[in-house]
Protein chains: 4
Amino acid sequence: MAGEIKASRAMPVVNARIYPRGGLDVLSREEVARLKDASHGGMHDLLRRCALAVLTSGSASDDPRAAQELYPDFDIQVLQQDRGVRIELVNAPAMAFVDGEIIRGIAELLFAVVRDLAYTAIELGEDAVDLETTSGITDAVFGLLRNARILQPADPNLVVCWGGHSINRDEYDYTKLVGYELGLRGFDICTGCGPGAMKGPMKGANVAHAKQRRYQSRYIGITEPGIIAAESPNPIVNHLVIMPDIEKRLEAFVRLGHGIIVFPGGVGTAEEILYLLGLMLREENADLPFPLILTGPTASAPYFEQIDRFLRLTLGEAATSRYEIIISDPEKVARRMAEGVKRVREHRLAQQDSFYFNWSLEIPLEFQQPFVPTHEAMAALDLHHGRKPHQLAADLRRAFSGIVAGNVKEDGMRRVEEFGPFQIHGDTDMMQALDALLRAFVEQRRMKISGQYRPCYEVLA
Amino acid sequence: MAGEIKASRAMPVVNARIYPRGGLDVLSREEVARLKDASHGGMHDLLRRCALAVLTSGSASDDPRAAQELYPDFDIQVLQQDRGVRIELVNAPAMAFVDGEIIRGIAELLFAVVRDLAYTAIELGEDAVDLETTSGITDAVFGLLRNARILQPADPNLVVCWGGHSINRDEYDYTKLVGYELGLRGFDICTGCGPGAMKGPMKGANVAHAKQRRYQSRYIGITEPGIIAAESPNPIVNHLVIMPDIEKRLEAFVRLGHGIIVFPGGVGTAEEILYLLGLMLREENADLPFPLILTGPTASAPYFEQIDRFLRLTLGEAATSRYEIIISDPEKVARRMAEGVKRVREHRLAQQDSFYFNWSLEIPLEFQQPFVPTHEAMAALDLHHGRKPHQLAADLRRAFSGIVAGNVKEDGMRRVEEFGPFQIHGDTDMMQALDALLRAFVEQRRMKISGQYRPCYEVLA
Amino acid sequence: MAGEIKASRAMPVVNARIYPRGGLDVLSREEVARLKDASHGGMHDLLRRCALAVLTSGSASDDPRAAQELYPDFDIQVLQQDRGVRIELVNAPAMAFVDGEIIRGIAELLFAVVRDLAYTAIELGEDAVDLETTSGITDAVFGLLRNARILQPADPNLVVCWGGHSINRDEYDYTKLVGYELGLRGFDICTGCGPGAMKGPMKGANVAHAKQRRYQSRYIGITEPGIIAAESPNPIVNHLVIMPDIEKRLEAFVRLGHGIIVFPGGVGTAEEILYLLGLMLREENADLPFPLILTGPTASAPYFEQIDRFLRLTLGEAATSRYEIIISDPEKVARRMAEGVKRVREHRLAQQDSFYFNWSLEIPLEFQQPFVPTHEAMAALDLHHGRKPHQLAADLRRAFSGIVAGNVKEDGMRRVEEFGPFQIHGDTDMMQALDALLRAFVEQRRMKISGQYRPCYEVLA
Amino acid sequence: MAGEIKASRAMPVVNARIYPRGGLDVLSREEVARLKDASHGGMHDLLRRCALAVLTSGSASDDPRAAQELYPDFDIQVLQQDRGVRIELVNAPAMAFVDGEIIRGIAELLFAVVRDLAYTAIELGEDAVDLETTSGITDAVFGLLRNARILQPADPNLVVCWGGHSINRDEYDYTKLVGYELGLRGFDICTGCGPGAMKGPMKGANVAHAKQRRYQSRYIGITEPGIIAAESPNPIVNHLVIMPDIEKRLEAFVRLGHGIIVFPGGVGTAEEILYLLGLMLREENADLPFPLILTGPTASAPYFEQIDRFLRLTLGEAATSRYEIIISDPEKVARRMAEGVKRVREHRLAQQDSFYFNWSLEIPLEFQQPFVPTHEAMAALDLHHGRKPHQLAADLRRAFSGIVAGNVKEDGMRRVEEFGPFQIHGDTDMMQALDALLRAFVEQRRMKISGQYRPCYEVLA
């Protein structure tokens, strides 16, 4: 793995050859050939961006564009040789290396990138699997997670933490405290793998795991190609998975996690809450235990009150029975989660369901199919009272998903630049509540901000 | 895994439910369904026979028919439940259990049986892969071995031992001594997994590994459906693989092993020697290091002299450069093997070939395609001087393979009963040598014997 | 650890330098100096003999004198160097080496020899500890075992097996079957570490442990300087302890073991039975669970009937409540032992006593003090009815101990040669029973035999 | 380990029973009795204070007095029971517990406290060892470290970091960066185990070790009874050792460490530098490689310049050859250390010296004997030019040691309160330099400060 340090513009860079381990080390000659082909073809640009995100993991800046601009000459090639695969890095960030050797954890994340993109390109490619049915999509999610060696038979202990990537210091410290209390009780952490509320719980849990002498802990980061560049894996992540799209990423969260904690966040977090509640409100899932806790420091109480009001207004009072709001009490959060996960464990045993994958959770096709936020699709969302809560939740989820895209994703931003803000239609009270919620996100600086925020949407009653 | 002991005729039997681990524990719902279907369909009888062989592993009797007759009511079902697969055993041999719990090693072998038969039925089934080309077949062998977790990146140290399953005490003790010397030098052992020369080297190596405090040793048994019932895995085997047919089993041996030792044996052993020499004599493999040692105690010297003469006569003097005969010197065998494997290691490094699978070895289709020993096929073998050595070796290999089938395999025995002995044609000297060799096997009681041996073949000049 | 092979007389020998590990690798400079001094002084001859026994472990011959005669020029030196200890072997048996490297397990046994002899010489030397009181002696036994890293907190699972070193094939195979059944149930084995009944149970357990995939099993051999040369550690022993004398060896057995199985044996075995029953019959130990099973194949039934009669006659009917005789049923032996050890576990938990050392067992000084079998001491034994059973057992134990010495130990044999047979006095019926027992041992060839056996004792009513 | 939470005054407290592991779990009955006695006698108050420091490890406040005042009713008892030792905690800080269970890492530190205080009281007690000779003291240090299981044969990789416990944020962040670079290169860290420069390097190394997937790292904290209360172990420490006094603590540092890094600090740090240079300047140690690097951020450059000037003035120019000053370059620090430790490794190999204990380092008695800073002893220090550098260094070390005591240790503070400031005599230039150095420490707030600092010393030319 020896490398050679060079200077490319301002930033020090390294060229290196790396020989993968952990799943990429025992490939057939044909698999190697297909992997090589895929990495040269359509997958190459994606591979390059994801690899760069991983190689700059832990850098001071969280701005993904910065990485692209700082290392313009970076390239990655997957090459074949008789004994298997070789990865060639050209003009790679020197920060990922020590004395010319790549840092082992970074190398593992890099192998994960190649592994998951290759799996998606080769195993989930056209004709290979049925991605038009509920069970076909769930099998694809299962297959990718198993190939990533995330599915291990073990007692339920995985808490998924959601929340914003740009939260304030007070909130960030709070996520660390919650992670610490979870870690003391033996929980592993799974997040979207970026900074902010995706990093704090891992950091707190890491300290607690060390104090409890728990050395084999899992810090799972689940991302997708559109978001990894913006939310580069934080340095604590030791299992990285790249799902093909945002819907499969959401499914991975709810099939893997034994409980979910939501910290303050922005539109993306609202999308995640609506996704989960949409599922929880289906009759088929009514008896399924699934602890869901919304929590933050005292100063965040108004935030959750607003979310709570919005959920009551849109999904009805019944929705509130599926979550609990706890303000400024990390220990209580951890204790309640422990109780909830105990119920999950008992339920799985009674149902003879696996611990590592929540097969029993019913996820209808409308929550699985990728939503492409065109102006037409956004305008077609049906946000009116009288619909079944889970259907309304599905459309609200899509609305937030579209706004995330308009804010931070390349495709979405380009569309908004070209055609103006998305137009979202619905009942007046719902539209007002939505608008108020979004404005609050802006005021609280929870939306992506560079300069003045110009909304990418218009809410029309 | 609790069971309940019952008495079925004379032999004590047990009913039990077993939940698989090690590869069968993380399956998708669809895979579970396919596995269940396969095990109920055409695979069921095969599964039942293989499972019984494994459950009676280590019994005093090595007669596979005995097992079938002793446990006539034995049955195995693979059932589905949400969390995965359940194996139901009915009227299973009590000897595989301790106080109602299945012995852990036996359970592992049982999972291996289900795993490999399922892989063959599902992954290698019709349309799934290309089994008509050299590379397709090699990929199938690779896939099955990888799925069996046999392929691990590690330094070359796997010695394949071939030889008869009914050798005399003197020869058996010698195989143990050779195994002991190999084990002292850190070699793992791979055999056909039955008794005799397939057990002795493992037993000796096991003692040596214990003395060297080597606790993670591999004792790999590679078998195939037609032979497992006749050569039930000996109790030392801790990795069992069931290849789909005899040709893929032979390919597995030569792609996995870093060197091969041949002890005295019968027709099956002769088949193996001709298979390997046939490959070695191809120009494409001329530069490939592959240590091959023929060895036995002093009393076995005439046996090897006869083999040697036969090989010189049929394949020519050049063949002798690819093997070494060592008589009554276990330590020398081990030292020579160590030297040879060192050369293999250096060659793989130089070629950047993998350590765990011998990709560079050229195996032509004629050595890969299953040979079905009908009377027509046997009569069509072309055993004449003037052919290329590797072609002649291929046909000689088939001749021995047919005789093995006529001796011990159900299909072959039935054919011989119906149509009389196979007729084998060839040049006079070659046919005389072949006949002499086969008669010697009979005299030395190396052929399967119950009562008087009636040859299943006629040699015609 | 490289060595150089030379030939000394007939047997191949090796010179080698070895650097110890496992307890001998972190010594202070002063400890190294003391160890060096001890190994040069009075301890040297003992060290040489014990080391030779270990280096010839597993040889075909079990005759210790043979080893001394075969390797007359063997020597061992413990040398000091800054970083610690170096062991120099001169003219050492080549069988302990592979290609010039010492076999790792043999090296471990060798370090154990140095470790225990050094501990005895340095830590238990004059003035260092109080060896005149019951608690002082028990502390010495504890200290030596702890230093040998034998004491580990773990669930009770250690079965001590006693029995003769020269038993017949039928009996030997039976000890293997019992060991196999014990091993299947997760028991570790502790014996006197020689051949025969000390090897069989380990061998059987070893096979069972492999089948149960139990890789960290303990095969503990406990010996003493007077006996190691005659009962060289069998090759399965992976923990060797050399206690200073026969009484501390017996105490080590009963403090470490969670249950004891007695196979057929000779005078030494009788000594062990009397030692244990003498303890069990004390009121202080009346409530202490301690499973004791006497067992052998069908042909051995008369042997145990005779032992049983002798115990009833001498120690009274009450003694029979402390042992169970099981004939020809290895599985029952293992199941009964499992039940007994379960009771031991519960008792230790209830008493908050440690699992690894039986502190609660009361061992009076008369069982702890070394018995030197002079003619005076033997004549002074008080073998009469009317004494308390445990006192009588103590003297009977001494009588057998003296006969063992007269048979096989250098001191004892010299005394008998010089002064004639020991004279043992006692009540007529007891003396007749003793004589009958001893004659039976002779007839059954359980006494050490080279040529005609000449009794080293006379029984006088 | 279940506990019961109660409220004592303001702070939540817990009562708990704990059963030790890791060295305290296999004790003889006599050892248990001696341990119990010691913990009830003179050792009890010390035990109570040290235990409290450990139980409040990681608390926000670093003020040890605070702990004493916050938990006035805390008590600890070591009790005997048959199976070993039980620790009873009364009114213990609830922060050390999770849901009534003590945090595992805290429990380990607690066992370490009991282990080391017991070893000191029992094994190093009067008459037990010779603490009047150089070799006797070194053996005591060795014995205590071995008993603490710190001495492990492994490649040299232990870097000792010295520096102040109250450094500024800039300096603290720098120590983390240096620790990070050391951790990336596989170094373990040993410090005085408190906050500031004793915590930062561990914290940085911890992050780096996680990135390098290095799970068995050692974070060793070495303290002594007078300082532990003031410098409670930081939460990363996973090996805690309590040496009996400051001189043995210093000896432990230099015998264990393979290199030393000094960050900015106060009088204590100056004491440590002088101790080490005093040793390095002895002829006997002239050829001993021992990397010593003084480093800090750019703002700390003047600090090191002043130290450098003082060392040149007092010990002469030759002293500067034994250390290197690196400003604001963490990577260079780590690279230079790696080079230095490589030389240490080669030297040890060449000398056949152990890797885990620096036996070759000559430490004369004057550096080993405890210095009790009475006014007489302080006045008697001989701080004049013309003395041998190592002798002068010894007295300068004592001068700083006395000032530390006058500043923060109970005995020293009481003496200064009663008799006024210590008077230190010496050559004018040396006294001026000393005074300037100490004043600078005050100005830079490196001396312990509550309110206005009143010097505990007067420098007299």
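Residues numbered from 1 in each chain as written. Chains lettered and ligands numbered in written order. Predicted model: local features only at pLDDT ≥ 70, side-chain atom pairs only at ≥ 80, totals over all residues.

Re the overall build of chain A
Here is step 1 of the chain: When you go through chain A residue by residue, the secondary structure sums to 17 helices and 15 strands.
Here is step 2 of the chain: For a compact globule of 461 residues, the expected C-alpha radius of gyration is about 23 Å, and chain A comes in at 22 Å, within 12% of that figure.
Here is step 3 of the chain: Along the first, second and third principal axes, the C-alpha atoms of chain A reach 60 × 55 × 45 Å.
Here is step 4 of the chain: In chain A, 77% of the contacts between residues at least 6 apart in sequence involve partners at least 24 apart. (Helix = DSSP H or I, 4+ residues; strand = E, 2+ residues; numbered from the N terminus. Rg over C-alpha atoms; globule rule 2.2 N^0.38 Å. Contact = placed C-beta atoms within 7 Å.)

Overview of the sheet that holds strand β12 (residues 292-296) of chain A
The pairing of strands in a sheet comes from backbone hydrogen bonds and takes either a parallel or an antiparallel form.
Residues and elements named next belong to chain A.
Here is step 1 of the chain: Judged by pairing direction, the sheet is parallel, and its seven strands sit side by side in the order β10-β9-β8-β7-β11-β12-β13 without closing on themselves. Whereas interior strands pair on both sides, the edge strands pair on one side only; in this sheet they are β10 (239-242) and β13 (324-327). Shown here is a sheet whose adjacent strand axes are inclined to one another by a mean of 25 degrees, direction ignored.
Here is step 2 of the chain: In this structure, strand β9 (residues 219-223) lies alongside β10, joined through four bridges in parallel fashion. Paired with I220 across the bridge in β10 is H239.
Here is step 3 of the chain: Each of β7 (158-162), β11 (259-262) and β12 touches helix α10 (residues 267-280); the most contacted strand, β11, lies at about 145 degrees to it. (Pairing = 2+ DSSP bridges. Axes fitted to C-alpha atoms, helices over the stretch in contact; angles between N-to-C directions.)

Describing unusual backbone geometry
Here is step 1 of the chain: In the Ramachandran plot, R213 of chain A falls in the positive-phi region, its phi being about 55 degrees despite a non-glycine side chain.
Here is step 2 of the chain: If you trace the backbone, R213 of chain A turns up in the loop between α7 (200-211) and β9.
Here is step 3 of the chain: For R213 of chain A, a count of 12 C-beta atoms within 10 Å translates into the label exposed.
Here is step 4 of the chain: At R149 of chain B, a position not held by glycine, the phi torsion is positive, near 60 degrees.
Here is step 5 of the chain: One can find R149 of chain B in the loop between α5 (134-147) and β7 (158-162). (Buried ≥ 20, exposed ≤ 12 C-beta atoms within 10 Å, placed from the backbone.)

A word on helix α7 (residues 200-211) of chain D
Here is step 1 of the chain: Between the first and last C-alpha of α7 of chain D there are 17 Å, a value that for 12 residues agrees with the 16 Å anticipated at 1.5 Å per step.
Here is step 2 of the chain: Across the 12 residues that make up α7 of chain D, a large majority, 11, are buried.
Here is step 3 of the chain: Turning to α7 of chain D, its buried residues number three or more, namely G200, P201, M202, K203, G204, A205, N206, A208, H209, A210 and K211 of chain D.
Here is step 4 of the chain: Of the surrounding secondary structure, the elements contacted by the buried residues of α7 of chain D are α4 (104-122) of chain A together with β7 (158-162), α6 (169-184), β8 (188-191) and β9 (219-223) of chain D.
Here is step 5 of the chain: With its phi angle positive at about 55 degrees, R213 of chain D sits one or two positions after the end of α7 of chain D. (Expected span 1.5 Å × (residues − 1).)

Quick look at the interface of chain B and chain A
Here is step 1 of the chain: Chain B puts 21 residues into the contact, and the matching count from chain A is 21 residues.
Here is step 2 of the chain: Elements that contribute at least two residues to the side of chain B that touches chain A include exactly α1 (29-40) and α5 of chain B.
Here is step 3 of the chain: A per-element tally of the side of chain B that touches chain A places α5 of chain B first, with four residues.
Here is step 4 of the chain: Of the residues contributing to the side of chain B that touches chain A, the split by class is six nonpolar, seven polar and eight charged. (Nonpolar A, V, L, I, M, F, W, Y, C, P; charged D, E, K, R; others polar.)

Things to note about the domain arrangement of chain A
Frequently, the measure chosen for interface size is the accessible area that the parts lose on association.
Residue and element names in this part refer to chain A.
Here is step 1 of the chain: As assigned here, chain A comprises domain 1 (3-121), domain 2 (152-351) and domain 3 (371-460).
Here is step 2 of the chain: Counting residues at the interface gives 24 residues for domain 2, matched by 23 residues for domain 3.
Here is step 3 of the chain: When residues of the side of domain 2 that touches domain 3 are traced back to their parent elements, those giving at least two are α10 and α11 (301-315).
Here is step 4 of the chain: The leading source of residues in the side of domain 2 that touches domain 3 is α10, at eight residues.
Here is step 5 of the chain: When the residues that make up the side of domain 2 that touches domain 3 are grouped by side-chain class, the tally is 12 nonpolar, 10 polar and two charged. (Domains from an automatic or database assignment.)

Section: the relation of the copies chain B and chain A
The operation relating the pair of chain copies consists of a rotation about an axis and a translation along that axis.
Here is step 1 of the chain: Between the two copies, chain B and chain A, the superposition gives an RMSD of 0.1 Å; the rotation angle is 180 degrees and the shift along the axis is 0.1 Å. Interpreted geometrically, this transformation is the action of a two-fold axis.
Here is step 2 of the chain: A high fraction, 100%, of the interface residues of chain B reappear at the interface in chain A, so the copies pair face to face through one surface. (Least-squares fit on C-alpha atoms with pLDDT ≥ 70 in both.)

Regarding the confidence of the model for chain A
Here is step 1 of the chain: Chain-level statistics for chain A give a pLDDT mean of 88 and a share of 93% at 70 or above.
Here is step 2 of the chain: Quick note on the complex model: pTM equals 0.88, ipTM equals 0.87. (pLDDT = per-residue confidence, 0-100.)

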